[in-house]
Amino acid sequence: MTATAHDSAFLRACRREPVPHPPVWFMRQAGRALPEYRALRAGTEMLEACRTPDLVTEITLQPVRRLGVDAAIFFSDIVVPLKAVGVDLDIVPGVGPVVAKPFRTLADLPRALTPDDVPYISEAVGALVGALGATPLIGFAGAPFTLASYLVEGGPSKNHAATKTLMYGDPGLWAALLERLADITLTFLRVQIDAGASAIQLFDSWVGALPAADYRALVQPHSARVLAAVADVPRIHFGVGTGELLHDMGEAGADVVGVDWRVPLSEAVGRIGPGRAVQGNLDPTLVFAPREVIEAKVRKVVEAGRTAEGHVFNLGHGVLPETDPDALKLIVDTVHATA
Ligand code: CP3
């Protein structure tokens, strides 16, 4: 019998079925920690690379080859669909997305996305699914709140003050913005799924800035609409500093709730409740610890993950650029050896 992505440990864990070993992949596994990535990206700007299917395909495959992870994540960025609908933005190295004219009024509302705006996404996903064989491909997008934060702040932000000013000060305009961003996001995910992605992750990286009641009233309905539109594949939903939001993020419609490193998985399982798998949550800085410490912490995370109905091993946030790829390989091998 040939192995298929459908039967992979990763998709089985997402569906809360028994697995031969916990599956493992890393957020930001394709990126600056890999010398082969730095070599391939040299001379090409980030957003240009995202529009070049050959580069996207090769960069996505690099960590699968080197690390033996159980899933690939599509190489792109959360701001790619915003760029595709004409938002004037750039990804500045060492900074992140920077928007030329921050969102202030209805006149600044980005237009809707159509699949024709992103032909390079379907092309790259299609090529990847062929090349990956039985290794599943995770598609992804930014959630409405996190995308709104970049549009309203104009770039990365510590306290999201401008975003919250809009959210609390002009609820009508806030709702209009999040509705449009939800449309853009669900179209971007749909393109990836229709081209063959077998799971998706919705990144609400910065939503941990909100108290739970405001999350439920002002953000969750929009994320829920996105997740409901892609219910034909397993849906992972993740944010940083979301210990107080884990239950509500599951309720938004996630099959798998991503947990950062601050909350032990066994505790997270109780907060999330039954009927969902968890993903996480080794501290990304642990890669700098001695080998024995890494191994011991990995085993602890795996053990805590056993309290969940399904567990996908990951870091609690993205791979840091200074990470030694050998430490990532050690983590993968240690997770697989816990079977
Ligand atoms: O391997 C993967 O995980 C897939 C690729 C991926 C990238 N961005 C590539 C990238 C994914 C899933 C993202 C999502 C993303 N982008 C998020 C959500 C995930 C998270 O970290 O919470 C966010 C908030 C962004 C916005 C963004 N884009 C940031 C904060 C940065 C880093 C800025 C920097 O230089 O430190 C980017 C740029 C970016 N996206 C890089 C990569 C590999 C680095 C750019 C480069 O290599 O030149």
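Our structure is the block above this text.
As the structure is a computational prediction, the values presented were derived from the model and not from experiment.

### Focus on the overall build of the protein
Part 1 of the reasoning: A count of helices and strands for the protein gives 15 helices and 9 strands.
Part 2 of the reasoning: In terms of C-alpha radius of gyration, the protein reaches 19 Å, essentially the compact-globule figure of 20 Å for 339 residues.
Part 3 of the reasoning: In terms of overall dimensions, the protein has a C-alpha envelope of 55 × 45 × 40 Å along the principal axes.
Part 4 of the reasoning: Counting over 339 residues, the protein shows a buried share of 57%.
Part 5 of the reasoning: Within the protein, residue pairs in contact and separated by at least 24 positions form 73% of the contacts whose partners lie at least 6 positions apart.
Part 6 of the reasoning: Accessible surface for the protein amounts to roughly 13,300 Å². Of this, 54% is attributable to carbon and sulfur atoms.

### A short note on the site of the ligand
Part 1 of the reasoning: Taken together, 26 residues lie around the ligand, and R28, Y37, D77, S205 and H317 are the ones closest in.
Part 2 of the reasoning: Contact between the ligand and A30: an oxygen atom at 3.0 Å from a main-chain N or O atom of the residue.
Part 3 of the reasoning: At 2.9 Å from an oxygen atom of the ligand is found a side-chain nitrogen or oxygen belonging to R41.
Part 4 of the reasoning: When isolated, the ligand has an accessible area of 870 Å², and the protein chains bury 91% of it.
Part 5 of the reasoning: Broken down by secondary-structure element, the contributors of at least two residues to the shell around the ligand are helix 2 (35-41) and strand 3 (96-99).
Part 6 of the reasoning: Residues that form the shell around the ligand fall into these classes: 16 nonpolar, 6 polar and 4 charged.

### Comments concerning the sheet that holds strand 5 (residues 199-203)
Part 1 of the reasoning: Reading across from one edge, 1-4-5-6-7-8-9 is the order of the 7 strands in this open sheet, with parallel pairing throughout. The open sheet has two edge strands with one neighbour each: strand 1 (72-73) and strand 9 (311-315).
Part 2 of the reasoning: Two elements, strand 6 (residues 235-238) and strand 7 (residues 256-258), share 2 bridges in a ladder whose sense is parallel. Bridge pairing in strand 7 places I236 opposite V256.

### Side note on helix 15 (residues 325-337)
Part 1 of the reasoning: With 13 residues, helix 15 should reach 18 Å at 1.5 Å per residue; the first-to-last C-alpha distance of 18 Å fits that figure.
Part 2 of the reasoning: Looking only at helix 15, the buried set comprises P325, A327, L328, L330, I331, V332, T334 and V335.
Part 3 of the reasoning: Those residues of helix 15 that are buried are in contact with helix 2, helix 4 (53-67), strand 8 (277-282), helix 14 (291-305) and strand 9.
Part 4 of the reasoning: At the N-terminal boundary of helix 15, the capping side chain belongs to D324, with an oxygen 2.9 Å from the backbone nitrogen of D326.

### Structural notes on unusual backbone geometry
Part 1 of the reasoning: Following G280, the chain continues to N281 via a peptide bond in cis, the omega torsion being -10°.
Part 2 of the reasoning: Tracing the backbone through its elements, the reader meets N281 in strand 8.
Part 3 of the reasoning: Phi at R28 takes a positive value of approximately 60°, unusual for a residue other than glycine.

### Comments concerning the environment of L282
Part 1 of the reasoning: Inspection of the secondary structure puts L282 in strand 8.
Part 2 of the reasoning: For L282 and I59, which are 223 residues apart along the polypeptide, the C-alpha to C-alpha distance reads 24 Å.
Part 3 of the reasoning: In this view, L282 contacts W261, K297, V298, V301, F313, N314, L315, G316 and I331; residues no more than four positions away in its chain are not counted.

### Notes on a nonpolar patch on the surface
Part 1 of the reasoning: Taken together, V92, V95 and V98 make up a surface patch of nonpolar side chains, about 190 Å² in accessible area.
Part 2 of the reasoning: Given the relative accessible area of 30%, V98 is considered partly exposed.

### Let's talk about the packing of aromatic side chains
Part 1 of the reasoning: Across all of its chains, the model carries 4 aromatic pairs by this definition.
Part 2 of the reasoning: Measuring from ring centre to ring centre gives 5.6 Å for F140 and F203, while their planes differ by 90°; the resulting arrangement is edge-to-face. Of this pair, F140 sits in strand 4 (residues 137-142) while F203 sits in strand 5, and the two are 63 residues apart along the sequence. The pair formed by F140 and F203 is uniform in burial state, with each residue classed as buried.
Part 3 of the reasoning: Grouped by ring-pair contacts, the aromatic residues F140, F203 and F238 constitute a single cluster.

### Section: the pattern of salt bridges
Part 1 of the reasoning: Enumeration according to the criterion identifies 18 salt bridges in this entry.
Part 2 of the reasoning: Residue R51 pairs with E48 through a salt bridge whose shortest N-O separation is 3.1 Å.
Part 3 of the reasoning: Residue R51 is classed as partly exposed on the basis of its relative accessible area of 33%.
Part 4 of the reasoning: A salt bridge links D232 to R190, with the shortest nitrogen-to-oxygen separation between them at 2.8 Å. Taken together, the residues span a long stretch of sequence, with D232 in the loop between helix 11 (220-228) and strand 6 and R190 in helix 9 (residues 171-194) at a distance of 42 residues.

### Comments concerning the side chain of T323
Part 1 of the reasoning: By the secondary structure assignment, T323 is in the loop between strand 9 and helix 15.
Part 2 of the reasoning: Judged by relative accessible area, which is 3%, T323 ranks as buried.
Part 3 of the reasoning: A polar side-chain atom of T323 sits 2.6 Å from the main-chain carbonyl oxygen of L320.
Part 4 of the reasoning: Not counting residues within four places of it along the chain, the set of residues in contact with T323 comprises A33, V287, F288 and L328.

Cut-offs and rules
- Residues numbered from 1 in each chain as written.
- Predicted model: local features only at pLDDT ≥ 70, side-chain atom pairs only at ≥ 80, totals over all residues.
- Heavy atoms only, no water.
- Helix = DSSP H or I, 4+ residues; strand = E, 2+ residues; numbered from the N terminus.
- Rg over C-alpha atoms; globule rule 2.2 N^0.38 Å.
- Buried < 20%, exposed > 50% of the residue type's maximum accessible area, 1.4 Å probe, protein only.
- Contact = heavy atoms within 4.5 Å.
- Areas by Shrake-Rupley, 256 points an atom, 1.4 Å probe, with all protein chains shown as cover.
- Near = heavy atom within 4 Å.
- Polar contact = N/O pair within 3.5 Å; in protein donor to acceptor, adjacent residues only side chain to side chain.
- Nonpolar A, V, L, I, M, F, W, Y, C, P; charged D, E, K, R; others polar.
- Pairing = 2+ DSSP bridges.
- Expected span 1.5 Å × (residues − 1).
- Patch = residues over 30% accessible without salt bridge, like charges linked within 9 Å, V, L, I, M, F, W, Y side chains within 5 Å.
- Salt bridge = Lys/Arg side-chain N within 4 Å of Asp/Glu carboxyl O.
- Phe/Tyr/Trp six-rings, centres within 6.5 Å; stacked < 30°, edge-to-face > 60°.

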